[in-house]
There are 2 protein chains.
Amino acid sequence: MSLEQYFDGFTRRDWEVCTDEPPVRFAMVGLGWWTREEAIPAVESADFCETTVVVSGDSEKAERVAAGTATVEAAVTYEEFHAGVAADAYDAVYVCTPNATHPEHVVAAADLGKAVLCEKPMAATSEGAERMVEACADRGVPLAIAYRMQTEPAVRRARDLVADGAVGEPIHAHGHMADDLLEFVPDRDQWRLDPSLSGGTTMNDIGIYPLNTTRFVLDADPVAVYATTTSVSEAFAGVDEHVAFQVEFPGNVTAVCTASHNAHRSSYLEVVGSEGRVRVEPAFFPWDDRGLVVEVGDVGGEFEFEQVDQMTEEFDHFANCLQRGVDPHPDGRHGLVDIEALEALYESAETGRRVAL
Amino acid sequence: MSLEQYFDGFTRRDWEVCTDEPPVRFAMVGLGWWTREEAIPAVESADFCETTVVVSGDSEKAERVAAGTATVEAAVTYEEFHAGVAADAYDAVYVCTPNATHPEHVVAAADLGKAVLCEKPMAATSEGAERMVEACADRGVPLAIAYRMQTEPAVRRARDLVADGAVGEPIHAHGHMADDLLEFVPDRDQWRLDPSLSGGTTMNDIGIYPLNTTRFVLDADPVAVYATTTSVSEAFAGVDEHVAFQVEFPGNVTAVCTASHNAHRSSYLEVVGSEGRVRVEPAFFPWDDRGLVVEVGDVGGEFEFEQVDQMTEEFDHFANCLQRGVDPHPDGRHGLVDIEALEALYESAETGRRVAL
């Protein structure tokens, strides 16, 4: 296939199948800035889903968000949600709360028989993640993890190229994500800086982007990891501010990655193979336009393409899977692999040793 | 200083000082393809030096190269060179032989009182490198290592930006160099694939580019390293074909790097700081035009500039230092830091542990 053919219909939804099913009705669990400013607007633009219930620990906030969202029928507290209040008004839940509280909300949703789309990382510990996977399996409820990069067209085209051998045998991957957390969320008491709520700061929150996206593009899971973490600024005392890590994949493929929650905003993902390379840059922020550079032998260039709303793609993908009666992916077991890798990365940073998975 | 001011006179020789001294006369020791196709032509284009003697193990090859180079006065064997034959015809030596043989030629040059420019890595072992440093110090002879990236204008401007804080506090560096050694030098018996002659294959031969150039741009030396090495193809059995490594620098700066002698040709070096980033891409091959991307806060772009012959810059820099009576840099002790880091990287790859330096 020529490079041009890969990029015909660059932003095509290669996962979408038409159905006559009605839209999937979402309960939004957790009404922080990401849900309010990214998720709810994305669902408003979506084809296959709508927001009908909002859930918060703060009932006034829930009422306020409900009042600003035309499709919402009910605003409930976490306790009411767990008790099944307004359960007839939604089909699925989107969980976007501090990582450590994901399991309680996901288990509650499973008990109510609701499909789950849970933010990444799926939990603060592998024990919590396993509990979520088991609860959803026991109740026969689909559990998907909200890796928005997996429905990003630039990333999907990169994965196609790698899968078809366009860059030859993959050899190295390079990933990087950095931002200024405290400029973005100017609150030193935020849960991302509290390991008991987050499970870890920079590695867990944004190191997971190069980690998971490399897994997706290579279609492979890690076999060993190594990491260093550093904490320099007072605001990041006791948590990982800057991280650097290596991830070994089967077949002698190695990824080298960095992430920082206190650096110049920048991000990219690259795979170098025996015959070429593919690079997504910027890669990981929904606010930046994504770019794609491809080289195959002596031929190559930077491709221009229409940008999509990653969150709309993610919600529509999940909803369309439910409409078709197929289990949405990436599933809970896929998410658990990241949690185990993240725990191994932190263990490596403590011990200075490679950790096999 | 504005970004534009950094790039006024981008390729300026910030190291050059006018003198009335005559050109430095070089003996070229080792007449492999790099010396014949890169070094001798570079010196022919240089302002401050010329090739007057050629030295090879193969006297016919030496005669042939001499016949093709107008300035050459004598062609001698290694034995003749060690015995001081034609020593009046040159002021300095350029050593470009298999790494393990650098010490014998450098010690011979020092005994003859000749200044030395030795290819990287300076030796196959730290023991050999130390012997070279001691011999040159004992005889009061300047010893420089031929890191051509250190006189590359794109790299020097990147270093200026970092030194002046334009990207804020450096946090992460990313480096990569890959090529297809056997396509370039189609000989399975070549010395680069023989650890007893090279000291190591990919890490020593090209991993040293991101390693040393990161040191130069950050103006810092490594404090700890970690590496993985893999060998996949039959031609690379028993040696490091692909490598991935981390280098920790003082002040919580970490570099993540990859290199391969059997991959798609590609190279780059990037530094991400608290306020911006600077990226040289392509970076490390003299055949590729170098490029420079700079971002400072929300301002940034890709700078176009005139390309220079890196080897001419390197030879002229070394020669101009000798003309001015100053010790040329990077010196042997600087090169020894790399050899110790390379040995630690291989040790880490063996043990799966971080190695402190």
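By convention here, each chain's residues receive numbers from 1 onward along its written sequence. All chains are assigned letters beginning with A, and all ligands numbers beginning with 1, in the order in which they are written. Per-residue local features are limited, in this predicted model, to residues with pLDDT of at least 70; the limit for side-chain atom pairs, both in listing and counting, is 80 or more; totals at the level of whole chains, interfaces and linings are taken over all residues.

### Some remarks on the domain arrangement of chain A
All names here are of chain A. Put simply, the test is: Those domain boundaries reflect an automatic or database domain assignment. Only DSSP runs of H or I covering at least 4 residues are called helices, and only runs of E covering at least 2 are called strands; the numbering of each starts at the N terminus. Under the convention adopted here, Pro, Cys and the residues Ala, Val, Leu, Ile, Met, Phe, Trp and Tyr are nonpolar, Asp, Glu, Lys and Arg are charged, and Gly plus all remaining residues are polar.
For chain A, the domain assignment lists domain 1 (15–147) and domain 2 (149–308 + 330–356). The gap between the C-alpha centroids of domain 1 and domain 2 is 25 Å. Within the residue set of the side of domain 1 that touches domain 2, elements represented by two or more residues are α6 (126–139) and β6 (143–145). Top element by residues in the side of domain 1 that touches domain 2 is α6. It accounts for six residues. Its residues placed into classes, the side of domain 1 that touches domain 2 shows 14 nonpolar, three polar and three charged.

### Considering the packing of helix α2 (residues 33–44) of chain A against helix α11 (residues 310–324) of chain A
Residue and element names in this part refer to chain A. As a reminder, the rule being used: A fitted line through C-alpha atoms serves as each axis, taken over the contacting stretch for helices, and the angle formed by two N-to-C directions is quoted from 0 to 180°. By the definition used in this description, the sense in which the near helix is turned from the far one sets the handedness, with an anticlockwise turn below a right angle giving left-handed and a clockwise turn giving right-handed. By the convention adopted here, residues make contact when the C-beta atoms placed from their backbones lie within 7 Å.
Here α2 crosses α11 at 65°, and the two axes come no closer than 8 Å. Both α2 and α11 take part in a crossing whose hand is right-handed. In this structure, α2 contributes E38, A39, A42 and V43 to the contact, and α11 contributes M311, T312 and F315. By residue class, the composition of the contact of α2 with α11 is five nonpolar, one polar and one charged.

### Considerations on the relation of the copies chain B and chain A
Note the following rule: Copies are brought into register by a least-squares superposition over C-alpha atoms of residues with pLDDT of at least 70 in both.
The two copies are related by a screw operation: chain B maps onto chain A through 180° of rotation and 0.0 Å of translation along the axis, at an RMSD of 0.0 Å. In symmetry terms, the pair is related by a two-fold rotation axis. Taking C-alpha positions as the reference, the residue of chain B nearest the rotation axis is R353(B), at 2.2 Å. A high fraction, 100%, of the interface residues of chain B reappear at the interface in chain A, so the copies pair face to face through one surface.

### Examining the pairing of strand β1 (residues 24–29) of chain B
Residue and element names in this part refer to chain B. Inclusion rule: For the exposure call, what matters is how many other C-beta atoms sit within 10 Å of a residue's own: 20 or more marks it buried, 12 or fewer exposed, and in between partly exposed, using C-beta atoms placed from the backbone. Paired strands, in this sense, are two strands between which DSSP finds at least two bridges. With its strands directed away from the observer, a crossover is right-handed exactly when the path from the first strand over the helix to the second travels clockwise.
Burial runs high along β1: five of the six residues are buried. Strand direction decides the pairing type here: β1 and strand β2 (residues 49–56), joined by six bridges, are parallel. The residue of β2 that forms the bridge with A27 is V53. Between β1 and its parallel partner β2, the chain crosses via helix α2 (residues 33–44), and the hand of that crossover is right-handed. In terms of strand pairing, β1 meets strand β4 (residues 92–95) through four bridges, oriented parallel. Bridge assignment links F26 to a residue of β4, and that residue is A92.

### Here's the deal with the sheet that holds β4(B)
Residues and elements named next belong to chain B. Pairing is parallel in the open sheet, where six strands are placed in the order β3-β2-β1-β4-β5-β6. Each of the sheet's edge strands pairs with one partner strand only, and the pair in question is β3 (74–77) and β6 (143–145). Strand-to-strand twist in this sheet, taken as the mean axis angle between neighbours without regard to direction, amounts to 25°.

### Side note on the interface of chain B and chain A
At the junction of the two partners, chain B supplies 35 residues and chain A supplies 35 residues. If you list the elements that add at least two residues to the side of chain B that touches chain A, you get β7 (170–180), β8 (224–230), β9 (242–249), β10 (253–260), β11 (262–273) and β12 (276–280) of chain B. Per element, the largest residue contribution to the side of chain B that touches chain A is six residues, and it comes from β11(B).

### Considerations on the pairing of strand β4 (residues 92–95) of chain A
Residues and elements named next belong to chain A. Side-chain alternation along β4 places A92 and Y94 on one buried face and V93 and V95 on a second face that is also buried. Alignment of β4 against strand β5 (residues 115–118), held across four bridges, turns out to be parallel. Bridge pairing links A92 to A115 in β5. With helix α5 (residues 102–111) bridging β4 and its parallel neighbour β5, the resulting β-α-β unit is right-handed.

### A few points about α11(A)
Turn by turn, an α-helix covers 3.6 residues, leaving residues three or four places apart pointing in a common direction. All names here are of chain A. Put simply, the rule is: In this scheme, a helix's expected span is set at 1.5 Å multiplied by one less than its residue total.
The terminal C-alpha atoms of α11 lie 21 Å apart, and with 15 residues this matches the ideal 21 Å at 1.5 Å per residue to within 8%. With respect to burial, α11 is a largely interior element, 14 of its 15 residues being buried. Following α11 by one or two positions, G325 has its phi on the positive side, about 75°.

### A closer look at the packing of helix α10 (residues 202–218) of chain B against helix α12 (residues 332–351) of chain B
What describes two packed helices is the angle between their axes and the distance between those same axes. Residues and elements named next belong to chain B. Close contact between α10 and α12 brings their axes to 11 Å; oriented N to C, the two are set at 115°. α10 and α12 meet at a crossing whose hand is right-handed. Here α10 contributes M203, N204, I208, L211 and N212 to the contact with α12, which in turn contributes D338, A341, L342, L345 and Y346. Class assignment for the residues of the contact of α10 with α12 results in seven nonpolar, two polar and one charged.

### Thoughts on the environment of R353(A)
If you trace the backbone, R353(A) turns up in the loop between α12 (332–351) and β15 (355–356). Since 15 C-beta atoms lie within 10 Å of it, R353(A) is described here as partly exposed. C-alpha of R353(A) to C-alpha of A227(A): the two residues are 126 residues apart in sequence and 8.3 Å apart in space. When neighbours within four sequence positions are excluded, R353(A) is seen to be in contact with S348(A), G352(B) and R353(B).

### Focus: the sheet that holds strand β8 (residues 224–230) of chain A
Residue and element names in this part refer to chain A. On the basis of which strands lie adjacent, the open sheet formed by nine strands has the order β14-β13-β12-β11-β7-β10-β9-β8-β15 and mixed pairing. Edge strands, defined here as strands with exactly one partner in the open sheet, are β14 (299–303) and β15. In this sheet, strand β13 (residues 292–296) lies alongside strand β12 (residues 276–280) in antiparallel orientation, the contact comprising five bridges. Within the sheet, the bridge partner assigned to R279 lies in β13 and is V293. With respect to the sheet, helix α7 (residues 153–163) is in contact with β7 (170–180), β11 (262–273), β12 and β13, its orientation differing from that of β12 by roughly 165°.

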